[in-house]
Structure formats: C-alpha cells, structure tokens
Amino acid sequence: MLEPVVTGLLILSAASVLAVASHRRFVGGYPAPPPGLAVLHRGEAAFIQAAAEVLFPDGASLPVAGADAQLPLYVDRHLSALPAAQRLQIRALLLLFEHLSLVWPAREPGGHGRFSSLPTTARLGVLERVADHRDFRVRLLFTALRAIVALGYLSHPANLSALSLAPFEIQPAVSDAELLFARIGALPMSIRYEETDRTDPAALGPLDLRGPRHLAFRFQERFPERPADRSADRNAR
Amino acid sequence: MSSGIELGDGLRAARDRVRVFAQYDGPIEAEADVVVVGSGPCGAVAAYELARAGKDVILVEEGPPFTVRDFELDGNLSMTRTMREGGLRMTRGTTMPTMQAVALGGGSLVNSAICLRPPDSVFERWASGFDLERTTRADLDPHFDAIGEFLGIAPTPDAVQGRRNLLFRDACEKLGVSSEPIARNVKGCRGSGECFTGCRSRAKQSMDVSYVPAALRAGARVMTSLQVQLIRHSGRRVTGVAGHVVVPFSGGSGAGRTHPFRIDAKAVVLAAGCTATPVLLRQSGNLANLSGQVGRNLQFHPGVAIAGVFPDAVDPQFGATQGYQSLAFLDQGFKLETLWAPPPLLSMRFPGMGAELQARYAELPRMAVWDAIVSANRSLGEVRTRPWSSNPVLHWRLHPGDLAILRRALVVIAELFFAAGASKILPGVQGVADQITSLGDARILDSPAVRPESLVMGGNHVFCTTRMHGDPKKGVVDEDGRCHDLENLYIADTGIFPQCPSVNPMWTGMALARRQALTLAGRL
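Worth saying up front: this structure is predicted, and the values here are computed from it rather than measured.

Undergrad: Help me understand the pattern of salt bridges, please; the structure alone is not making it clear to me.
TA: Any two side chains of opposite charge can pair if their charged atoms end up close together. Residues and elements named next belong to chain B. Under the criterion given, the structure shown has 39 salt bridges over all chains. Across the pair Arg378 and Asp402 runs a salt bridge, and its minimum N-O distance is 3.1 Å. One end of the pair, Arg378, is in the loop between β16 (367–374) and β17 (381–386); the other, Asp402, is in helix α11 (residues 400–420), and 24 residues separate them in sequence. Residue Arg378 is classed as partly exposed on the basis of its relative accessible area, which comes to 40%. For Asp402, a relative accessible area of 0% translates into the label buried. Through salt bridges with shared partners, a single ionic network connects Arg117, Asp120, Arg137, Asp141 and Asp145.

Undergrad: What is the right way to look at the packing of helix α6 (residues 136–154) of chain A against helix α10 (residues 354–362) of chain B in this model?
TA: What describes two packed helices is the angle between their axes and the distance between those same axes. Running from N to C, α6 of chain A and α10 of chain B point in directions that differ by 50°, and their axes come no closer than 13 Å. Considered as vectors, α6 of chain A and α10 of chain B are oriented oblique to each other. Between α6 of chain A and α10 of chain B the crossing geometry is right-handed. Each of Arg146, Ala150, Tyr153 and Leu154 of chain A in α6 of chain A lies in contact with α10 of chain B, whose residues at this interface are Leu357, Gln358 and Tyr361 of chain B. Looking at the contact of α6 of chain A with α10 of chain B residue by residue, the classes come out as 5 nonpolar, 1 polar and 1 charged.

Undergrad: It is not clear to me how the interface of chain B and chain A should be interpreted in this structure. Could you clarify?
TA: The parts lose accessible area when they come together, and the size of an interface is often stated as this lost area. The partner chain A presents 76 residues to the 78 residues of chain B that form the contact. Summed over both partners, the interface of chain B with chain A comes to about 6,600 Å²; 63% of that surface belongs to carbon and sulfur atoms. Taken as a group, Arg69, Arg190 and Met353 of chain B account for 13% of the area that chain B buries against chain A, more than any other trio of residues on that side. On the surface where chain B and chain A come into contact, there are 5 salt bridges. Here Glu178 of chain A ties to Arg202 of chain B by a salt bridge, and the two come within 2.8 Å at their closest N and O atoms. Between the two partners, chain B and chain A, sit 30 residue pairs in polar contact (both at pLDDT 80 or more). Examining the composition of the side of chain B that touches chain A, we find that 7 residues originate from one element, α10 of chain B, more than from any other.

Undergrad: Where do I start with the packing of helix α4 (residues 84–103) of chain A against helix α5 (residues 120–131) of chain A in this structure?
TA: Residue and element names in this part refer to chain A. Between α4 and α5, the least distance of the axes is 11 Å, while the angle of their chain directions is 100°. Considered as vectors, α4 and α5 are oriented roughly perpendicular to each other. Along its contact with α4, which presents Phe97, Leu100 and Ser101, the element α5 presents Val126, Leu127 and Val130. Its residues assigned to classes, the contact of α4 with α5 shows 5 nonpolar, 1 polar and no charged.

Undergrad: Is there a simple way to think about the side chain of Ser379 of chain B in this case?
TA: All names here are of chain B. Along the polypeptide, Ser379 turns up in the loop between β16 and β17. Engagement of the side chain of Ser379 in a polar contact is seen with the backbone nitrogen of His399, the distance being 2.8 Å. With near-sequence residues (within four places) excluded, Ser379 lies in contact with Leu298, Gln299, Trp396, Arg397, Leu398, His399 and Asp402.

Undergrad: Would you mind showing me how to read the sheet that holds β17 of chain B here?
TA: Pairing between the strands of a sheet is mediated by backbone hydrogen bonds and can be parallel or antiparallel. Residue and element names in this part refer to chain B. One open sheet accounts for 3 strands, arranged β4-β18-β17; its pairing is mixed. Where the open sheet ends on each side, the last strands, each with one partner, are β4 (92–93) and β17. When β17 meets strand β18 (residues 389–396), the two strands line up antiparallel, connected through 5 bridges. Pairing of Arg386 across the sheet is with Ser389, part of β18. Each of β17 and β18 touches helix α8 (residues 276–283); the most contacted strand, β17, lies at about 50° to it.

Undergrad: Can you walk me through the nonpolar core in this structure?
TA: Most often, soluble globular proteins keep nonpolar side chains buried together rather than apart. Ranked by internal contacts, the top residues of the largest apolar core, which has 95 residues, are Tyr211 and Leu489 of chain B. Apart from residues no more than four positions distant in its own chain, Leu489 of chain B is found in contact with Ile231, Val238, Val268, Leu270, Leu281, Leu287, Ala288, Gly481, Arg482 and Cys483 of chain B.

Undergrad: Just checking my understanding: could you explain the pairing of β16 of chain B for this structure?
TA: Residue and element names in this part refer to chain B. Across the 8 residues that make up β16, a large majority, 8, are buried. Residues Met367, Val369, Asp371 and Ile373 point to one face of β16 and Ala368, Trp370, Ala372 and Val374 to the other, with burial holding for every one of them. As judged from the 7 bridges shared by strand β13 (residues 303–309) and β16, these two strands associate in the antiparallel manner. For Val304, the partnering residue across the bridge sits in β16 and is Ala372.

Undergrad: What's the story with helix α6 (residues 162–175) of chain B in this structure? I'm lost.
TA: An α-helix turns once per 3.6 residues; consequently, residues spaced three or four apart project the same way. All names here are of chain B. Look at α6: 21 Å from first C-alpha to last across 14 residues, which is about the 20 Å you get at 1.5 Å a residue. Within α6, the full set of buried residues consists of Gly162, Arg164, Asn165, Leu167, Phe168, Ala171 and Cys172. Where the residues of α6 are buried, they touch β14 (324–326), β15 (334–339), β16 and α11. Just beyond α6, the residue with positive phi is Gly176, at close to 70°.

Undergrad: Which parts of the structure should I look at to understand the packing of aromatic side chains?
TA: When we look at a pair of aromatic rings, we describe it by the centre distance and by the angle of the planes. On inspection of all chains with the given rule, the structure shows 20 aromatic pairs over all chains. Centroid distance Phe150 of chain B to Tyr211 of chain B: 4.0 Å. Interplanar angle 15°. Geometry classified as stacked. Taken together, the residues Phe150 of chain B in helix α5 (residues 137–151) and Tyr211 of chain B in helix α7 (residues 211–217) connect sequence positions 61 residues apart. An identical accessibility class is assigned to Phe150 of chain B and Tyr211 of chain B; each is buried. Through a chain of ring-to-ring contacts, the aromatic side chains of Phe56 and Tyr153 of chain A together with Phe350 and Tyr361 of chain B assemble into a single cluster. For the cation-ring pair, Arg114 of chain A lies above Tyr30 of chain A, with the distance from its terminal atom to the ring centre recorded as 4.0 Å. Cation over ring: Arg213 of chain A sits above Phe168 of chain A, and NZ or CZ is 4.3 Å from the ring centre.

Undergrad: Would you mind going over the sheet that holds β14 of chain B with me for this structure?
TA: Residue and element names in this part refer to chain B. Across the sheet, which stays open at both edges, the 6 strands sit in the order β6-β14-β15-β16-β13-β19 with antiparallel pairing between neighbours. Two strands lie at the open edges of the sheet, namely β6 (180–181) and β19 (424–426), each paired on one side alone. The pairing of β14 with β15 spans 2 bridges and is antiparallel. Across the sheet, Ser326 pairs through a bridge with Leu336, a residue of β15. Its contacts with the sheet put α11 on β13, β15, β16 and β19, and the angle it makes with β16 is roughly 150°.

Undergrad: Just checking my understanding: could you explain α4 of chain A for this structure?
TA: Residue and element names in this part refer to chain A. In this model, α4 (20 residues) spans 28 Å end to end at C-alpha, consistent with the 28 Å of a helix rising 1.5 Å per residue. At Phe97, α4 is bent by approximately 30°, the largest bend along its length. Among the residues making up α4, those that are buried are Gln86, Ile90, Leu93, Leu94, Phe97, Glu98, His99, Leu100, Ser101 and Leu102.

What counts, and where the lines are drawn
Residues numbered from 1 in each chain as written. Chains lettered and ligands numbered in written order. Predicted model: local features only at pLDDT ≥ 70, side-chain atom pairs only at ≥ 80, totals over all residues. Heavy atoms only, no water. Salt bridge = Lys/Arg side-chain N within 4 Å of Asp/Glu carboxyl O. Helix = DSSP H or I, 4+ residues; strand = E, 2+ residues; numbered from the N terminus. Buried < 20%, exposed > 50% of the residue type's maximum accessible area, 1.4 Å probe, protein only. Axes fitted to C-alpha atoms, helices over the stretch in contact; angles between N-to-C directions. Parallel < 35°, antiparallel > 145°, perpendicular 65-115°, else oblique. Left-handed = near helix turned anticlockwise from the far one by under 90°. Contact = heavy atoms within 4.5 Å. Nonpolar A, V, L, I, M, F, W, Y, C, P; charged D, E, K, R; others polar. Buried area = accessible area lost by both parts, 1.4 Å probe. Polar contact = N/O pair within 3.5 Å; in protein donor to acceptor, adjacent residues only side chain to side chain. Pairing = 2+ DSSP bridges. Core = buried A, V, L, I, M, F, W, Y, C linked by side-chain atoms within 4.5 Å. Expected span 1.5 Å × (residues − 1). Phe/Tyr/Trp six-rings, centres within 6.5 Å; stacked < 30°, edge-to-face > 60°. Lys NZ or Arg CZ within 6 Å of the ring centre and 35° of its normal. Bend = angle between axes of the 7 residues up to and from the residue.

This is the structure we're talking about:
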C-alpha cells in the first residue's frame, strides 16, 4: 500500500533536486540584467554581453566597444520583433553557445564553465574553435551568432556616425500611401493628411553627401531615452 | 498616366475601400467578381487592370500597409517587420538565405526597383522548351510598355549614382565591357541608398504608392492583414477563398490568427508569391496539381557579391541602391550589378572577429560592393508544406554547372575592382584568403577551392513552382495563367515562369500579369 506512495515521493524528490540543479546551472548565478528587457532572460543577456566583449574589444577603430554598445537591449528588441519560431531558434543558439564550454571546454586556463563566466582568453578560444571548425555546419553556427551580435554593434549610432554611414535626415514624404493608409495598428480616422500635403521628391533634388544625418543617429547613446519609447520616437521623426 | 488619387470625395471613397487590422472586429464575409491574393507587383497590376475593366475586385494582402513613419531605419529590424520568417528564411540542401516580403506592395516595398526586359533568347528558350506560342517578346512588349509608362521606369540618372556606382561604370569602360545605368520604377530618386528598408522620399514607385492606389481609384477594395489558408472549390471551379485575420508581424500562425473570413468570387487570381502559392494549393486539397508539378522545379537567381576597398573615400552612403549593371555576360549565365544595403547587413559577410573585424568595419567608407546574379536553371528544388504552418520548406541544390558560373562571375567582379583601382577585395568566400590584393591571387575564386558551402549566396528571385507549360501534363498553368485543371483559377506570380529569366524578374512578372488580367476581364 505504501510502496507506490514512497516511489512517488522518491520520484518527486529526484525531480525537485534535478529542477534545482538545472535552475542553478542554467538560470542561476547571473548578474542582474539591464532594465527594459522584454524577451531575454538574465542568462541570455549575460551571454550576449560576454560575447560582445570578445567580439568587439575596446581600443579598436570604432568609438564604442562591444561592452558599451548595449547589445543585450538591441538583441532583445530584435527577438521581440521576430515571429515565435525564429525567436526560438535564436534563443536555442544562445543557449548552445552559453553552455558549450561545459561539455567542450576551452583549452585556455579556466576554460570550463558557462561561456559568460569564462575569462576573456577562454571565451575567445571557444569562439575561435567554433569559427575554425572543419565542418561548415559548425562554422555556420559561429557566423549566425556573430551576425546576431554584430548587427547591433555596427548599427550603434556612434559607430555608424563615426563611419559617416548614418542615414540621411529626410523629411518624411507624403504619397498616396500616406493619404490612404493609417499607420500600422491605427484606424483610418487617424490619417491626418490631405491631398495638399503631398510631397514631390523630384522637386527636392539629390541629397547632399555632407548634409545632416538622421536625428536618432546624432546621439552618442543607443538608448538616450527609455528603451520602450525609442521605437515610437524614432519613427515619429 | 498618374496614379494620383483625386481630391476630396474621391480620396475619402478610396480610403473607405481599404480595410486594415484595427478595423476587424468579427468574422468577415464578402463577395466579388475576382479576388486577387497578394499585392506584390503581379497582384497589384492584375487588381488594377481588372478594376479598370469594370470588375468588382477585392485585393487581399496578408501584410499591413506601411506608411513612411512605419519604416524602420535599422536594416535588421526592418527585415523582421517586412519579411516572412523575420528575414531568416533559408533553403535546405544548399544553404542559402532567401527573402520574401509580407507587406502591402509585396517585394516592391523593399526591393531596389530594378526593371529589365529579358532578352529575346529567354523567350525563345521558353517557347521551344515549354510549348508556349504567345509568350514572346513581341507579344509582351505592349504590356512592358504600358507598365513602364505607368511607373515611370527610366535609367538611373548620373546625379544620384554616387561614386560606388560610377566606379563600376569606369571599370567596365577600362576593360571594354558594356554597362549601363539600371532602369528603375523610381521618380525623383534622391540617392539615399535605402531602397531595402523602404523609400522615405517615396520616390520609388512601389505598388503601395502606384498600382494599389490606382486600383482603389478604379473601384477595387483592398483588405490587408488577411491570410488566405484555403481556396474553396467545387468540381472544376473555385468559389472563393477563406482564412483568418492575422496580427501584423506575428508570423501569421497560431496565436497571430484572429477572426475568420470568407470571400466568394467568380474567379481567383493567386499572386501570393512563388513560395506561398504552391503551399496554398497543396493545403487546399492539392488543388491544380494533376500534373504533379505544383511546388516542383524551384529555381533561383543565386547571387554572390564582393566588397572592394579603395585607397580613398567612396562615400557609399550616397547613391542609388543599385545604379549600374552589365549585361555583357548574360550569354555566359550571369549578370553584374552594383549593390548597397544597410552597412550592418553588408558587414555580416566580413570574416573574423575582434580588432580585425572592427578594422574591416572602419574600411566601409572606402568600400563598394558589386554582385552577380546567375541564371541557374539547372539548379532545381522544391517547395514543401510544413505541418501547422503556412511557411514552406524550401529544398534546393546548387548544380555543379551553375557553381562554375558563380566562380567565373567572382573572378570577373574581382577583375573589375582591380581595374577600378581597388587596393584589395574581400571575397567573403570561406576557404580562400579573407582579403586579396591582386588579380592573380583572385583567380583562386575560379577553382575547386570554392565549394557551394563556402559561398555566401543570396537568392531573392524565385521561380517556376507553378510553371507555365503548353502541355497540361507538364505544367500547372497555360499561357493565360489559368490553371490547366480548373476553369477559373489563375496564377500571377513568378512561379509561372517556365525557367529563370536571367534578369531581374519584376517587370516580366508584371507584364505577364497584365496580359492575364486583360484576358480574364474579357472572360468574366
């Protein structure tokens, strides 16, 4: 009579221990994430920050280093915008890289542990081993990871501006589309344009290469205001 | 001819014929003479011509309409909003990214507006290989002309070429290779180089500012954020379409679906795109597939690009996104173009990490990027359905013969860069040097060292998955775009191309769609 109960309790206990151990291994022990994350959990944020530090070190030719480029916030925004299936794929990739060095430790000293807890040289070692792997499918994993981080790094306003590659300041045009369609998510009654507001790009002529760049790229910070406000603010300009 | 909406009541009446996500508050039922599924270049032209012929038309689009203020300047974030699968769609077999837009206006919203008529040889190949009699250049030229006039298709002016495009022209001149400014559906280009994230100047005549407004003016209704999941049919006739309202940017599956809709129609025109149309047919009971060709024969124009670094500033931020081209190598199977994109996207192909990678970024202001697209009609694949999803699985494999053309194209691009004075090139090919400083060294690009998996390719022109063929056993549609198996189901997207057209396909697809629409209007 008691045997099934005891067995059940044993299974429950084992499951609890496993859950606690898994939680500590995969979720616990991370620093507090930056405020404003919508999707990433603290472990993912810590991994991205750790990868950014070695992919884009300080002292190079661009003004903002990976450590200062607020890349967890950028990746979080990217993931938030993705359909669920693609978001899951990227999160799986982050999970894989963060825990790869537990089963495939870096050769450098201190190379065993979660990626975000490794010393810089060991983190670099992990990434180089994947990047230089003889199987192109493994190399592709590195390419994917680097792309996720690099897109946010190079698009940092200070970095793009330093390269004179920030988008031009362009007064938003009014065409048939603006006359007919509401902004995404809004009702048609919100359309404020009339025919007289229509603009003609031909009348404005070519842009001036030395002309002003988009206001959002004149900031030296990625998120000069609260992150949640950024999208609306940027699109409104 | 202008697509401009008339003043006052006309504008309001046209606005009233548009439905957007925020307006749907329950199940939808509607009727029309024709329902056109997909508002990309082919669907928009079809809707306009049918409405102009006095037919009651509903144009259905899964994506939302974008206003200028909805554009996202960041290239990566822009792709997540405008592309299916967040811009992360890849082929299997030979791995290659491929992008299909989901927005009012389809790919025209985020393409570089290249308009080109295929050479006679393409139509001759189609005619002889696919039992086609009326799909000739002469037959289609009036349709090309009408669309060209409507959209203001014209060569890119020198004033907005920018140095990175003009360097290509100079290189071609030095080597005695013919080249010309790219003709585009653009009026008043300002040279912002941001075609791929949406033209903030609205100079590009994407469908949402040209044919769709004109269709509305002609009386068509436009319903956005509707995902068609079923083509309803009875015997040899289709009776309409059905599906669900989808939340913008949700990916259109599961929780993203809300109210059901049903539209009854006397005829259906599928212009959902070469990868979506076969999925829709298969999920509608393997419709129009007595030939077994639905989803098969998948072809791309795979593209490769090289970045060239010059000793002095190129200032690539200014200039038409793709301003110059060379057709000199079409008979060898490839076409050359200049290319620009948001720098973070371009930089994804740079090798390395750390300070080395950052040093490459610092060279971006001295860079130009030129590409080749290949007429890969031996490289075939298939569109397969995926359970519980409207997204397809794309199987495709690069043929060794087409790989040889890609290799040859890489060397020609390298030759042009060094002729233009580049100090080095970044071939972006795994297994060869990260940077090459002489043409002699660049010849390794035309060697077995370059394998399919070592190339960074892209394939955004997609064809042939519902191909046109005179023989009903070998193709899905006839020369009028009508499905062989059904009396009133038409397909009007690049899926009906019998083979890849060797040049950018938008104008050809529109010309075929215009011809079909005029024929269909006469039959209703």
